[in-house]
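Per-entry structural report
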Amino acid sequence: MKIVIPDDYQDCVRDLDAFAKLKGHDVTIYNDTLTDEDALVERFTDAEALVLIRERTPITASLLARLPGLKVISQTGGGAAHVDLAACKRHGVTVMAGTGSPYAAAELTWGLVLAAMRHIPEEFDNLKAGRWQRTLGTGLKGRTLGIFGYGKIGKLVARYGQAFEMNVLVWGREGSISRAAEAGLDVAASQAELFERSDVLSLHLRLNDATRGIVSAEDLARMKPTALLVNTSRAPLIAPGALEAALRKGHPGRAAVDVFDEEPVAGHPLLALPNILATPHLGYVEKDSYELYFGDAFDNLLAFDAGRPVKNLASES
């Protein structure tokens, strides 16, 4: 098959063990991200198959209409919200997804918590510049960790908090609340209480129509001036512009984010603020996760090519 893999930012896909699965196929890999549709058509015009790295390139109805040779899309990870499944169904394009893992994202979340609370990046910069001990960090023991969304990742982050002897407070949809209660965790009486009580508040929600903008300016204003907001899920969970405005007002006092509205980021208002710690969407960008994600994506592609039965997300749209 003629296979195109876009958006390999780190130029690492060829070095994965899983890449050997595609031996004998015609594979083209691109390391940058294009947003212009004409440019995408030029890149994808000969492709029979696309292997997409998470949500980096949206597959729209207008793009699909210009790719008559495309037969199949194999998605890394378990979600395909960035793919127009109805359009794929109309054009006869099979869409397959694999499985995901919560561990890499949960570990990065906790890394951001520690780095932000103890001012590790700032102190490293200070040390390189010859400045010794310029900040006073904040410990985690005895403080309240808020978890907004108690799913697979939220559950792991809650366990990390317990290991650091934090008090865990959970809020979310009915499923999150019931799972947290079953685990013996404290459940907030409301979303407002979660934001008011948390010393560290971590967002772990899926982005959909119901959760887009679910964190409002009013929610952020309720946070303590000493509190930290962490978002390794999706940027649009927070109302547009609300986090930048809140950080300028000092409620919360700090934020650590791994996600942005548009990626990759060339410049963003958040990055100019002194009370922000930011990383370039590294949550799932880890060797074991990549082997899992790409291994599934390549296995699905090989099954399709061999004519074996596959689960077609497009047929369910």
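See the structure shown above.
Definitions and cut-offs
Residues numbered from 1 in each chain as written. Predicted model: local features only at pLDDT ≥ 70, side-chain atom pairs only at ≥ 80, totals over all residues. Heavy atoms only, no water. Pairing = 2+ DSSP bridges. Helix = DSSP H or I, 4+ residues; strand = E, 2+ residues; numbered from the N terminus. Core = buried A, V, L, I, M, F, W, Y, C linked by side-chain atoms within 4.5 Å. Buried < 20%, exposed > 50% of the residue type's maximum accessible area, 1.4 Å probe, protein only. Polar contact = N/O pair within 3.5 Å; in protein donor to acceptor, adjacent residues only side chain to side chain. Contact = heavy atoms within 4.5 Å.

Here we come to the sheet that holds strand β7 (residues 167-171). Strand pairing in a sheet takes place through backbone hydrogen bonds and is either antiparallel or parallel in direction. In spatial order, the strands read β8-β7-β6-β9-β10-β11-β12; together these 7 strands make up an open sheet with parallel pairing. Strands with a single pairing partner mark the edges of an open sheet, and in this sheet they are β8 (186-187) and β12 (276-278). Here strand β11 (residues 254-257) pairs with β12 via 3 bridges, running parallel. Within the sheet, the bridge partner assigned to Ala256 lies in β12 and is Leu277.

One finds Phe148, Leu220, Leu229 and Leu243 to be the most contacted residues of the largest nonpolar core, which totals 26 residues. When contributions to this core are tallied by element, the ones reaching two or more residues are β7, α8 (191-197), β9 (200-203), α10 (242-249) and β11. Sort the elements by how many residues they give to this core and α10 lands first, with 4 residues. The next biggest cluster of nonpolar side chains, apart from the first, holds 25 residues, and it includes Ala116, Leu140, Val230 and Leu277.

Structurally, Ala163 is set in helix α6 (residues 152-163). On the basis of relative accessibility, which here comes to 63%, the residue Ala163 falls in the exposed class. Through-space distance from the C-alpha of Ala163 to that of Val257 is 22 Å; in sequence the pair is 94 residues apart.

Once that is clear, we can look at unusual backbone geometry. Across the junction of His251 and Pro252, the peptide omega takes the value 5°, indicating a cis bond. The residue Pro252 is located in the loop between α10 and β11 in this model. With an omega of -5°, the peptide bond running from Glu263 to Pro264 counts as cis. Considering the arrangement of structural elements, one finds Pro264 in the loop between β11 and β12. Residue Arg54 is not a glycine yet carries a positive backbone phi of 50°. Assignment of secondary structure puts Arg54 in the loop between β3 (49-52) and α2 (61-65). Here Arg54 falls in the buried class, since its relative accessible area comes to 17%. Even without being a glycine, His281 presents a positive backbone phi close to 50°. By the element assignment, His281 lies in the loop between β12 and α11 (287-305).

Tracing the sequence through the fold places Glu291 in helix α11. Residue class for Glu291 comes out buried when judged on its relative accessible area of 18%. Side chain to side chain, Glu291 and Lys287 meet in a polar contact 2.7 Å long. Setting aside residues up to four positions removed in sequence, Glu291 forms contacts with Leu16, Asp17 and Ala18.

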